[in-house]
Each structure stands twice: as C-alpha cells, then as structure tokens.
Amino acid sequence: MKITLSLSGGGLRGAAHVGVIKFLEEQGIEISAVAGSSAGAIVGLFLASGHNSDEMYQFLKDLQKRDLFTLGKSTGIFTMSRLEEKIQNFISITDYKELNIPCYTCVTDINKGEYHYINNGNPIPYTIASSTITPLFEAKKIGDEFYLDGGFSDNLPVKPLKKYKEKNLAININPLRSEDLNSFKSLLIRTILIMIRSNSMGAKKLSDAYLEIKGVANMHLFNFAEIDSAYESGYNEIKENWDRLYKKLR
C-alpha cells in the first residue's frame, strides 16, 4: 500500500513520528510523499532523504541540549545553528530535487503572516525555519525573507498532499495536557501549544486517516529524557489503531 504522510510539529515529541514510521515500515507501507511542520518537517526530511526509522531514532538520541539551546544574538533567545549543521551532516543534500520522494516543508512568512509549503531550493534552511518557535528561537532569514515555525500557520500540513492519488495519513503529536500554570515559562509553552493545536484541527477533516498520539500529552516540548517514551507512544498507538486506520487508507 502507498500513502502520503503528514506530520505535525511538537518539539522532541517528534520522536513519536519516528515510532509511527517504524510501524509503517514493518507493515510494508510505502510513503509516496510527505509534508511536515517543525519537528514533523525534520522527520519528514529525514524520511524523504532515505533514512529509515532506526537511523532517525539514533539521530534524536544523539542530540544534546546545546544543539538546540545555544544563545542567539538577535530575534530570539536561542539559535538553531548547531542543529542546522547536524542535519546537514546527516543528510548531505542541498536541493529538494535530490530527495527520494516529494517533501513539503511548512514555514510561516513573518511579513505576510501566511504559510508556505516549500519544495524547491535547499531544504535544510527551510526545515530549520519551520522549527523556529519564536521568541524561544531566532527567526530564520533565507534570502531577503524571515520565516517562523510552520506550526504558527499550519501545524499539520495536509493541503500540499491532496494533489496526489494516494490517501493521506495525518499524525498529530500535540494533545493538550493538564498542568499548573504558575510560571512565565509554563504559561508561554501552554500558549504556544494552544495556538499550534488550533492550526492542526483543519487537517483532521482534510486527511483520509487521522491519529493523535495521546501518550505524549504530558511530555514537555524539549524533554530529552522522554524521547524513548515518545517513540514508544507513537509505535504503540498506531499499532493499536491500525485496523481502523487501514480501512480508511486502503
């Protein structure tokens, strides 16, 4: 069976996407095109470049805090320059045309406040742009334009994949959790999650099959200690729901 795959953003919860892909590999499901925002854009790029789930998982396990949280200089507290370098070394490509399957990266145009689904040029800067949750991270300048996290405009991009004949599976890794909002940090993260989640709901109607990974609800966006748990949630929950999803996708 061939399908297209849409992957939402969600920080290090993105390990759940890798768990989903692991299960799809075991079922012999072929992905014909992929689209993603933020963490989903990163995993989608890895998938399109030919990396399997085990290689993606190892990449995430090898990440260190300094790869994400290096102090920025201008438009954000932190910069993703180290992560950009690591991704470049991991996939070693410079153009979307070099990818094995079509890949669409959702970014938010800071000037127009609009989403763009990018699939030409160098995918790595756009993938980083898609992952820049401001004001935590610096906005990404590409050419003369500045871009923000794709989750701010379309956190679960299904639209660019509707032109393909294969049916679409959309994976959302942003269930809301109950928490004490007693600090600036917790309130900021909660606000971001609500905004990002609202940009994911339209995809539920657009996709042919939709799955929200509930097991990551209590995971912080950047908790390195919970990468294993997120991966297992993705794998286990698509396995539990596969009969229902398969009927919609076949």
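Rules used in this analysis
Residues numbered from 1 in each chain as written. Predicted model: local features only at pLDDT ≥ 70, side-chain atom pairs only at ≥ 80, totals over all residues. Heavy atoms only, no water. Core = buried A, V, L, I, M, F, W, Y, C linked by side-chain atoms within 4.5 Å. Buried < 20%, exposed > 50% of the residue type's maximum accessible area, 1.4 Å probe, protein only. Helix = DSSP H or I, 4+ residues; strand = E, 2+ residues; numbered from the N terminus. Contact = heavy atoms within 4.5 Å. Disulfide = S-S within 2.5 Å. 1 Å grid on protein atoms, 1.4 Å probe; cavity = no way out; pocket = protein on both sides within 12 Å on 5 of 7 lines; lining within 4 Å. Points joined across faces, edges and corners; volume = space filled by probe spheres on them. Nonpolar A, V, L, I, M, F, W, Y, C, P; charged D, E, K, R; others polar. Pairing = 2+ DSSP bridges. Salt bridge = Lys/Arg side-chain N within 4 Å of Asp/Glu carboxyl O. Phe/Tyr/Trp six-rings, centres within 6.5 Å; stacked < 30°, edge-to-face > 60°.

Overview of the nonpolar core
Move 1: Residues Leu5, Leu24, Leu83, Ile87, Leu169, Ile171 and Ile238 are the most contacted members of the largest nonpolar core, which totals 71 residues.
Move 2: With eight residues, helix H9 (residues 227-249) is the single largest residue contributor to this core.
Move 3: If sequence neighbours within four positions are ignored, Leu5 has contacts with Ile21, Leu24, Ile31, Ala33, Val34, Ala35, Leu47, Leu161, Asn168, Leu169 and Ile171.

Observations regarding the state of the cysteines
Move 1: In this structure the tally under the stated criterion is zero disulfides.
Move 2: Sulfur of Cys103: no disulfide; nearest cysteine sulfur belongs to Cys106 and is 12 Å away.

Comments concerning the layout of surface pockets
Move 1: Of the volumes computed, that of the second largest pocket is approximately 150 Å³.
Move 2: Every residue lining the second largest pocket is listed: Leu5, Ile21, Leu24, Glu25, Ile29, Glu30, Ile31, Leu47, Gly50, Asn100 and Ile101.
Move 3: For the lining of the second largest pocket, the secondary structure elements donating two or more residues are helix H1 (15-26) and strand E2 (30-37).
Move 4: Taken together, the residues that form the lining of the second largest pocket break down as seven nonpolar, two polar and two charged.

A short note on the pairing of strand E9 (residues 167-172)
Move 1: With five of six residues buried, E9 is to be regarded as a mostly interior element.
Move 2: Relative to E9, strand E1 (residues 2-7) is paired through five bridges, and the arrangement is parallel. Within E9, the residue paired with Ile3 across the bridge is Lys167.
Move 3: The sheet contact formed by E9 and strand E10 (residues 209-212) spans four bridges and is parallel. Its bridge partner being in E10, Leu169 is matched across the sheet by Ala209.

Let's talk about the pattern of salt bridges
Move 1: All chains considered together, the criterion is met by seven salt bridges.
Move 2: A salt bridge links Asp54 to Lys22; the nearest nitrogen and oxygen atoms lie 3.2 Å apart. Residue Asp54 is found in helix H3 (residues 53-62), and its partner Lys22 is found in helix H1; the two are separated by 32 residues along the sequence.
Move 3: Where Glu212 meets Lys214, a salt bridge forms, and the shortest distance between an N and an O atom there is 3.3 Å.
Move 4: Judged by relative accessible area, Glu212 falls into the buried class, the value being 13%.
Move 5: Here the residues in one salt-bridge network are Asp67, Arg82 and Lys86, joined through shared partners.

Observations concerning the packing of aromatic side chains
Move 1: Taken as a whole and judged by the stated rule, the model has twelve aromatic pairs.
Move 2: Here Phe23 and Tyr235 contribute two aromatic rings whose centre-to-centre distance is 5.9 Å and whose plane-to-plane angle is 80°, an arrangement assigned as edge-to-face. Taken as a pair, Phe23 in helix H1 and Tyr235 in helix H9 lie far apart in primary sequence, 212 residues in all. Across the pair, Tyr235 and Phe23 agree in class, each one buried.
Move 3: Aromatic side chains Phe23 and Trp242 sit 5.5 Å apart centroid to centroid with 75° between the ring planes, which places their arrangement in the edge-to-face category. Taken together, the residues Phe23 in helix H1 and Trp242 in helix H9 connect sequence positions 219 residues apart.
Move 4: Residue classification places Trp242 among the buried residues on the basis of a relative accessible area of 8%.
Move 5: Each member of the aromatic cluster is reached from another via a ring pair, and the members are Phe23, Tyr235, Trp242 and Tyr246.

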